[in-house]
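For reference, the chains in residue letters:
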Amino acid sequence: MTAIAACWTCGTEHLEHARFCDGCGLPVEDSETRAEYKQVTVVFADVVHSINIAATVGAERLREIMAELVNVTAAALWRHGGQVHR
Ligand SMILES: [Zn+2]
């Protein structure tokens, strides 16, 4: 039997064709199924007193204001190489 890789959790080397780690019992993942971790920056915005604004300008105008806020924010993120997922 040949060891093919080490367990990312306990470090035990996996046996060839092993489906589970001999050291900790976790499923053996190959490079195609292993999760990929990336560092991301998430922008979250909360409009202070949006309920009060809605009461003043009405729901439709608030929707327009929020849409413009999203568009302006998205444009700034795109300029800096970001992506926007709504
Ligand atoms: Zn393990």
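Data block above holds the structure.
About the criteria used
- Residues numbered from 1 in each chain as written.
- Predicted model: local features only at pLDDT ≥ 70, side-chain atom pairs only at ≥ 80, totals over all residues.
- Heavy atoms only, no water.
- Helix = DSSP H or I, 4+ residues; strand = E, 2+ residues; numbered from the N terminus.
- Buried < 20%, exposed > 50% of the residue type's maximum accessible area, 1.4 Å probe, protein only.
- Contact = heavy atoms within 4.5 Å.
- Areas by Shrake-Rupley, 256 points an atom, 1.4 Å probe, with all protein chains shown as cover.

A. Broad picture of the overall build of the chain. Along the backbone of the chain there are two helices and two strands. Secondary structure elements in the chain, listed N-terminal to C-terminal, are β-β-α-α. Counting all 86 residues of the chain, 6% fall into the buried class. Residue pairs at least 24 apart in sequence account for 2% of intrachain contacts in the chain once pairs closer than 6 positions are excluded. Accessible area for the chain stands at about 7,600 Å²; split by element, carbon and sulfur atoms hold 56% of it.

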